[in-house]
Amino acid sequence: MVSNSQRYLSTRSSTEPYLSFEQAVIQGLAPDGGLYIPTEIPNLPENFLEEWKDLSFQELAFNILSLYISDDEIPAADLKTLVEKSYSTFRAEDITPLTTLNQDLGLYLLELFHGPTYAFKDVALQFVGNLFEYFLTRRNAGKAEDAADRDIITVVGATSGDTGSAAIYGLRNKKDVSVFILYPNGRVSPIQEAQMTSVLDPNVHTISVTGTFDDCQDLVKQVFGDKQFNDKYHVGAVNSINWARILAQITYYFHSFFTLAKTVPGGPQALAKKINFVVPTGNFGDILAGFYAKKMGLPVNQLIIATNSNDILDRFVKSGSYSKSASENEAPVVHATMSPAMDILVSSNFERFLWYLARENIASSNTEAGSIVNKWMNDLKTTGSFSVPESVLSAARAHFSSERASDEQTTETIKKVYTEVTPKYILDPHSSVAVTAALRAIKEQPKGEAQYFVALSTAHPAKFSDAVDLALKGIDGYSFEDDVLPQEFKEMATKEKKHLYADKPDLELIKSIIVDELAKEKNI
Ligand SMILES: *Cc1c(COP(=O)(O)O)cnc(C)c1O
C-alpha cells in the first residue's frame, strides 16, 4: 500500500500521476521548475510521545522515513540497513548530541557536526549517497559490468566549501555514481580544499576552476541545461532542493526533543509546546525539516530563523515581502560574511513552505496552490520580489519568527560563549548566528514563560578558523591548535591529494574533463 504521504508532486503543478519517492529523489528538480513535496504530510502514531521517547537516532530515522517511503519501494529490512549504514560513519554515539549552554536560560545546542566532514550536511548526504547506490544497484541487477545500458548518475555540483565535501563523502566509492565538484581556485579555505582533494576514490573528481563561485555555479547550470550531454551521462544533483535531504533532516528535531525531554521534570508531555528551535539559515533546507516535524505533530512552539546580513527571510517574516533587494534603491547583492554557508540571495527551499502557505490559506486545491506559487516565483524572477496577503503572513508567523545577526554580533557571541560557559565551549560562526538569535529571543519572551531554546550547531569550529581566531585571539589560554583543531585535520595537510584544473570557466572544457574522467573510471 502506498499512502498519500509517499507520493510526490511539484510545488508548481500537481498533474497526476504523482511520482514515487525514487523518481522524486533521482529527478531532484521537477521539469516545471518546482520542487517535490509529499502530496500529504503524514500523521504520527497517537501516543508517539510515549512510544518513541526512548528510541535511538537510527530507530527514529527509520520510523520517520517509513512514513514518507512506501514499503513497496524500499522494504523495511532494506531501509533499516540503509539507515544503519548511513549513520555508522558518525563519531558521536547518539549521532546528534545535545549540549547545555545555559540551563538557567533554557539554552541548548544541538551538535549536527559529528559526521565525516564535520558539518550538518553529512546528516542528509550520508543517507542520500546510500540511497543513490541502492536504487542504481536495483536498476542494474543482472546487467554486465560493461553493459552499455547500465543506469548511471553523474553528479555535478559547485561549492564554496561545505556542500562539496559533504557530497564527496556521501558519494565516494558508490557504484555507478560519479561525482564532479567544481570550486573556485584559491577561494575555498585550505581545510575545506584539503578535505575534498584528499579523497582518492576513483569516482570522485574535484575541479579547481579559475574563476569565482558564481562562475562555478553557472557552469553547473549549463551542464544541466545541455540536453544531449545530460541524456547521455544522467547528470544528477545533490543540492538542498533534493527531497531526500530534507527528509533525512527531520530526524534530529525528534531526537533532540526526546533527548531534552529526559532532563525535563514531567518528560515529553511537559516539554510539549515549550520547545523552540533556532536555526542558522541559508537555503531554508535545515529549518524546513523542522517545519515538517512540527506539521507531523511534534509539539514545537516556534521555529526561529536566524540569518546573517543576507536577510531575505528575516525581511519576509517582518514585512510579508520576499524581495532580493533590501530596499528600493539597493541592488540585489550577496554579502560576503563570516558565515559563508548562509551567503545567499534567495532561499531555494522557501518555495516548499510557500506552497503550504498558499494551499492552506488561499487555494482550494493542490492545482490552485501550484499556480499561486508559480506566479510568486515568476514575479520574483521578473521583478525581484513578491508580496503575500496579510492572512498568509500571519499564517507564516504561526510557525516562524526570525532574527538577523551581523558579523560583529557573531564575533561577540563566540567570545561570550567561550568566556562564560563552563566547560569552555567554542562555537563556529554559523552556530554563533543561531545562538545570537536565541539569546535575543530569550530576552524577548514574556516573563514567566520558561521556554526551552535549542540552537542548531551546523559546523565544527575548525572549519572556520579565521572567524574563530578573530573572536578569540589574545584571550588568555586560547590556542586554535590545541582547543579547536581535531587530530584528523592536522593529518590532512600531509595526505596525498588529487585534483583537476580548468584554467577558464568554460562549458566545453568542463564537459571534456568530465568525459575523459568517466572513460578513465571505466578502465580501472
Ligand atoms: C549549509 C549550511 C547552513 C545553511 O543551511 P540551509 O539548509 O541552507 O539553510 C548553515 N550552516 C552551515 C555550516 C552549512 O553548511
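Overview of the structure. Source: prediction; values computed, not measured.

### A few points about the pairing of strand β9 (residues 275-280)
Okay, so step 1: β9 sits mainly inside the fold: six of its six residues count as buried.
Okay, so step 2: Taking every second residue as pointing to the same face, both faces of β9 are buried, with I275, F277 and V279 on one and N276, V278 and P280 on the other.
Okay, so step 3: Pairing between β9 and strand β10 (residues 300-307): six bridges, direction parallel. Bridging across to β10, P280 finds its partner in A306.

### Overview of the site of the ligand
Okay, so step 1: In the vicinity of the ligand there are 15 residues, among which K121, D162, G282, N283 and T458 approach most closely.
Okay, so step 2: Here G282 contributes a backbone N or O atom positioned 2.8 Å from an oxygen atom of the ligand.
Okay, so step 3: A distance of 3.1 Å separates an oxygen atom of the ligand from a polar backbone atom of F284.
Okay, so step 4: If the ligand stood free it would expose 380 Å²; the protein chains cover 97% of that surface.
Okay, so step 5: Its residues assigned to classes, the shell around the ligand shows six nonpolar, six polar and three charged.

### Structural notes on unusual backbone geometry
Okay, so step 1: In the segment running from T422 into P423, the intervening peptide bond is cis, with an omega of -10°.
Okay, so step 2: Positive phi, close to 50°, is recorded for H234, a residue that is not glycine.
Okay, so step 3: Counting through the fold element by element, H234 comes out in the loop between α9 (227-233) and β8 (235-236).
Okay, so step 4: For H234, a relative accessible area of 36% gives the class partly exposed.

### Some remarks on the pattern of salt bridges
Okay, so step 1: On inspection of all chains with the given rule, the structure shows 22 salt bridges.
Okay, so step 2: Across the salt bridge formed by E22 and R138, the nearest N and O atoms sit 3.0 Å from each other. Taken together, the residues span a long stretch of sequence, with E22 in helix α1 (residues 21-27) and R138 in helix α5 (residues 121-139) at a distance of 116 residues.
Okay, so step 3: With relative accessibility at 36%, the residue R138 sits in the partly exposed group.
Okay, so step 4: Residue D379 pairs with K375 through a salt bridge whose shortest N-O separation is 2.8 Å.

### A few points about the packing of helix α4 (residues 76-87) against α5
Okay, so step 1: Axis separation between α4 and α5 bottoms out at 9 Å; the angle between their running directions is 135°. Overall, the two elements α4 and α5 adopt an arrangement that is oblique. Crossing angle aside, the handedness with which α4 passes α5 is right-handed. Contact residues: D78, L82, K85, S86 and Y87 in α4; V123, Q126, F127, N130, L131, E133 and Y134 in α5.
Okay, so step 2: Taken together, the residues of the contact of α4 with α5 sort by class into six nonpolar, three polar and three charged.

### Observations concerning the sheet that holds strand β13 (residues 400-404)
For sheets, the rule is that strands pair by backbone hydrogen bonds, running either parallel or antiparallel.
Okay, so step 1: Read from one edge to the other, the open sheet built from six strands follows the order β3-β4-β14-β9-β10-β13, with strand pairing classed as mixed. A single partner strand is all that each edge strand has here, and the edge strands are β3 (98-102) and β13. Across this sheet, the average inter-strand angle for adjacent strands is 25°, counted without regard to direction.
Okay, so step 2: Strand contacts of helix α18 (residues 429-444): β3, β4 (107-111), β9, β10, β13 and β14 (452-457), with the helix running at about 165° to β14, the strand carrying the most contacts.

### With respect to the packing of aromatic side chains
Okay, so step 1: As enumerated under the stated definition, the model contains 35 aromatic pairs in all.
Okay, so step 2: Both rings, one in F291 and one in F353, keep their centres 5.0 Å apart while their planes meet at 75°; by these two values the pair is edge-to-face. Taken together, the residues span a long stretch of sequence, with F291 in helix α12 (residues 285-296) and F353 in helix α14 (residues 350-361) at a distance of 62 residues. You'll find F291 and F353 in the same group, each marked buried.
Okay, so step 3: Measuring from centroid to centroid gives 5.5 Å for W376 and F386, while their planes differ by 10°, and the two rings are stacked. Taken together, the residues W376 in helix α15 (residues 366-383) and F386 in strand β12 (residues 385-387) connect sequence positions ten residues apart. For the pair shown, W376 and F386 are each scored as buried.
Okay, so step 4: Here R91 stacks its cationic end above the ring of Y118, 3.6 Å away from the centre of that ring.
Okay, so step 5: One Lys or Arg, K424, reaches over the ring of Y418 and ends 5.4 Å from the middle of that ring.

The rules we used
Residues numbered from 1 in each chain as written. Predicted model: local features only at pLDDT ≥ 70, side-chain atom pairs only at ≥ 80, totals over all residues. Heavy atoms only, no water. Buried < 20%, exposed > 50% of the residue type's maximum accessible area, 1.4 Å probe, protein only. Helix = DSSP H or I, 4+ residues; strand = E, 2+ residues; numbered from the N terminus. Pairing = 2+ DSSP bridges. Near = heavy atom within 4 Å. Polar contact = N/O pair within 3.5 Å; in protein donor to acceptor, adjacent residues only side chain to side chain. Areas by Shrake-Rupley, 256 points an atom, 1.4 Å probe, with all protein chains shown as cover. Nonpolar A, V, L, I, M, F, W, Y, C, P; charged D, E, K, R; others polar. Salt bridge = Lys/Arg side-chain N within 4 Å of Asp/Glu carboxyl O. Axes fitted to C-alpha atoms, helices over the stretch in contact; angles between N-to-C directions. Parallel < 35°, antiparallel > 145°, perpendicular 65-115°, else oblique. Left-handed = near helix turned anticlockwise from the far one by under 90°. Contact = heavy atoms within 4.5 Å. Phe/Tyr/Trp six-rings, centres within 6.5 Å; stacked < 30°, edge-to-face > 60°. Lys NZ or Arg CZ within 6 Å of the ring centre and 35° of its normal.

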